[in-house]
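Summary of structural features
What follows is the residue order along each chain.
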Amino acid sequence: MSSACHDDKYYRDLYPSIIADIERIDTNWKTGKHKLEKIVCRSETSKGVYCLQYDDKKIISGLRDNSIKMWNRKTLECEHTLTGHTGSVLCLQYDDNIIISGSSDSTVRVWSVHDGTLLNTLIHHCEAVLHLRFENGIMVTCSKDRSIAVWDMLSPTDINLRRVLVGHRAAVNVVDFDDKYIVSASGDRTIKVWDTSSCEFKRTLNGHKRGIACLQYHGNLVVSGSSDNTIRLWDIEFGTCLRVLEGHEELVRCIRFDNKRIVSGAYDGKIKVWDLKAALDARSPTGTLCLRTLVEHSGRVFRLQFDQFQIVSSSHDDTILIWDFLDAENSFEEEGAAGSNKHQPNRTYTYVTR
């Protein structure tokens, strides 16, 4: 038999198992069944993990004690600690080559992701840098000083200020962007939309009753979280609010969504998983939208990210939690008498980030 036939049989045999895994993961999300891993950060002075990003090999976190820590994803051990900021590390993002961080010391710093070398320090904002995003040679930063800065990134050491966007009447807490729009949210209760290329102001989204702490923007959808304890879904082109999600008891501090779910974290210490498709359907009853509430953090939830298989979250309690829905504990304890799936197949999945 040819190797091609062997390959075909292998994939035919594997396909039902993969489908079963997908269904099992989806069930675990809905029921909240997960395996929990914990990193205790052991901050030197003041405790709290303000920001994070992860991939298959590492988790990089920004701490209240002014440091950036890089953790091995498998062993959960700290492999590098980056020091240089003189204030809390409030935001960060990394790619294959660099980490960029923003701090309450008002600076933006650029580091090598490989060895932690400090490559550049940008001094522009006159108060804390609250959030940043970079992609395709553009970086956008925002600050407690009420401004948004748009930067051209030619290289890690050649980053130039292109434009300063002014319009918010309070601290700008978060920004997101693509090649069409820059979206910003502020303590002034508004979301503002700007043209990415021209940096011209386009529109304001009004609706939140108190300041806005977080948002994500993708496609035509903006999802925001506020100190009015609610989450709002918006159509960016029309500026209309599509849905209000209620359930958190305190400020909604972090929010992420994909094509299936919204995941939110709040100062009530809770993480909530919401059904995005149902939320976008006006016929869906309000009570059916929150699929699961996850309670493990003992302090405010500051930041989270997720993919198809897991949530990674950080908190004022000085921990990073990994909520694993793929290898959930006791997933196979109720298999049939034949026990055909008693032992989990040795399969490895890799999530793909946008």
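Use the structure listed above.
Residue positions are given per chain, counted from 1 along the sequence in the order it is written. Only residues with pLDDT of 70 or above have their local features reported here, since the model is predicted, and side-chain atom pairs are shown and tallied only from 80 upward, although totals for entire chains, interfaces and linings are computed over all residues. For side-chain calculations, the full set of non-hydrogen atoms in the structure is used, while hydrogens and water are omitted.

A separate point is the side chain of Gln93. Looking at the secondary structure, you find Gln93 in strand β6 (residues 89-94). Only protein chains enter the calculation, and the probe is 1.4 Å; a residue is then buried if its accessible area is under 20% of its type maximum, exposed if over 50%, and partly exposed in between. Accessibility expressed as a relative area gives 14% for Gln93, which makes it buried. Here a polar contact means two N or O atoms within 3.5 Å. Within protein one must be a hydrogen donor candidate and the other an acceptor candidate, and residues neighboring in sequence count only if both atoms are side-chain atoms. Within polar-contact distance, the side chain of Gln93 engages the backbone oxygen of Phe134 at 2.8 Å. Among all residues touching Gln93, those that are not within four sequence positions of it are Gln53, Ile98, Ile99, Ile100, Leu132, Arg133 and Phe134. Note on conventions: DSSP H or I runs of at least 4 residues are helices, E runs of at least 2 residues are strands, and numbering of each starts at the N terminus. Here a residue-residue contact requires only that any non-hydrogen atoms of the pair lie within 4.5 Å.

For strand β27 (residues 310-315), the tally of buried residues reaches six of six residues, placing the bulk of the element in the interior. Here β27 shows a buried face lined by Gln310, Val312 and Ser314 and a second buried face lined by Ile311, Ser313 and Ser315. For two strands to count as paired, DSSP must find a minimum of two bridges between them. In the sheet, strand β26 (residues 301-306) pairs with β27 via five bridges, with the strands oriented antiparallel. Residue pairing across strands places Arg303 opposite Ser314, the latter belonging to β27. What sits between β26 and β27 in their antiparallel hairpin is a turn of three residues.

A few words on the packing of aromatic side chains. A pair of Phe, Tyr and Trp rings is counted when the ring centres sit within 6.5 Å of each other, with Trp represented by its six-membered ring. The angle between the planes then sorts it: under 30 degrees is stacked, over 60 is edge-to-face, the rest tilted. Scanning the entire structure with this criterion turns up six aromatic pairs. Taking the centre distance of 4.2 Å and the plane angle of 20° together, the rings of Trp29 and Phe325 count as stacked. In this pair, Trp29 is assigned in helix α1 (residues 3-31) and Phe325 in the segment after β28 (319-324), connecting sequence segments 296 residues apart. In this pair, the class of Trp29 matches that of Phe325, namely buried. Geometrically, the ring pair formed by Tyr181 and Tyr217 is tilted, given 6.5 Å between the ring centres and 50° between the ring planes. Separated by 36 residues along the polypeptide, Tyr181 in strand β15 (residues 181-186) and Tyr217 in strand β18 (residues 212-218) bring together distant segments of the chain. Of note, Arg133 hangs over the ring of Phe177, and the distance from its end group to the ring centre comes to 5.4 Å. Two conditions define a charge sitting above a ring: the NZ of Lys or the CZ of Arg must be within 6 Å of the ring centre, and it must be within 35 degrees of the ring normal.

This part takes up the nonpolar core. By nonpolar core we mean a set of buried residues, namely Ala, Val, Leu, Ile, Met, Phe, Trp, Tyr and Cys, connected to one another through side-chain atoms within 4.5 Å. Counting 16 residues, the largest nonpolar core has Trp29, Val263, Ile271, Leu294, Ile311 and Trp323 as its most contacted members. Of all the secondary structure elements, the ones that give two or more residues to this core are α1, β24 (270-275), β26 and β28. Ranked by the residues each element gives to this core, the list is headed by β26, at three residues. Contacts of Trp323, omitting those with residues within four sequence positions, involve His34, Lys35, Leu36, Ile271, Leu294, Val295, Glu296, His297, Phe309, Gln310, Ile311 and Ser313. Counting 15 residues, the second largest nonpolar core, distinct from the first, contains Leu233, Leu245, Leu276 and Ala279.

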